[in-house]
Amino acid sequence: MKPTLSPYLMFSGNAKEAMEFYKSVLGGELVMKTYGESGQAKSDNEKDLIMHAELKNDSLTLMASDGNADHPVKNVGDNIHLSISGTDENEELLTKFFNGLSEGGQVQFPLSKQFWGDTFGMFTDKFGFHWMVNIASSVQKKKS
């Protein structure tokens, strides 16, 4: 198996809601375990928080957890952008991801054709995480 890089998002108590939202858009299988279920809760306040969540579809893996007293979350989303890339062969799916994930959030850069030839867009989702979607022209890719 090749090494992979998977984003791991830290939330301030709403990891369950966020991961269920991401699953509703991205599809796939979602597995979650709370601090209480894992025996790691240090207080009643932590027992229902998500200790680990993992969402996997055919091509993406997204992991998450809620911060706790030992690992507080200070600035959600400020230091990371999640990038989903593909070619125009998957334009419909990538556009669906852009539209679905940006719902309730703020689009900084609408999904549109760019000077470098790709279709690109950026937004911040309703949970405060920054996303980028890039749809490369398969014609350009074949020339390279």
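Structure: above.
The structure presented is a predicted model; accordingly, all values stated were derived computationally and were not measured.

Here is what the cut-offs are and how they apply
- Residues numbered from 1 in each chain as written.
- Predicted model: local features only at pLDDT ≥ 70, side-chain atom pairs only at ≥ 80, totals over all residues.
- Heavy atoms only, no water.
- Buried < 20%, exposed > 50% of the residue type's maximum accessible area, 1.4 Å probe, protein only.
- Helix = DSSP H or I, 4+ residues; strand = E, 2+ residues; numbered from the N terminus.
- Pairing = 2+ DSSP bridges.
- Phe/Tyr/Trp six-rings, centres within 6.5 Å; stacked < 30°, edge-to-face > 60°.

Trainee: Would you take a moment to explain the pairing of strand β8 (residues 130-136) for this structure?
Mentor: Put simply, side chains in a regular strand alternate between the two faces of the sheet. Here β8 lies mainly inside the structure; 6 of its 7 residues are buried. Here 7 bridges tie strand β5 (residues 81-87) to β8, and the two strands are oriented parallel to one another. Its bridge partner being in β8, T87 is matched across the sheet by A136. One ladder, built from 6 bridges, connects strand β7 (residues 119-124) with β8; its direction is antiparallel. Bridging from a neighbouring strand, T124 pairs with H130 of β8. The antiparallel pairing of β7 with β8 creates a hairpin that spans 5 residues between the two strands, and G128 there sits at a positive phi of about 95°.

Trainee: Would you explain the packing of aromatic side chains in this entry?
Mentor: Two numbers describe a pair of aromatic rings. These are the distance of the centres and the angle of the planes. Following the criterion strictly, the structure yields 11 aromatic pairs and no others. Relative to Y22, the ring of F21 lies with its centre 5.8 Å away and its plane at 55°, an arrangement referred to as tilted. You can call Y22 buried: its relative accessible area is 0%. With 5.6 Å between their ring centres and 65° between their planes, Y22 and W131 make a pair best called edge-to-face. With Y22 in helix α1 (residues 15-26) and W131 in strand β8, this residue pair connects regions lying 109 residues apart in the sequence. Comparing Y22 with W131, the two get one shared label, buried. Through pairs of rings, three or more aromatic residues link up here, namely F11, F21, Y22, F98, F123, F127, F129 and W131.

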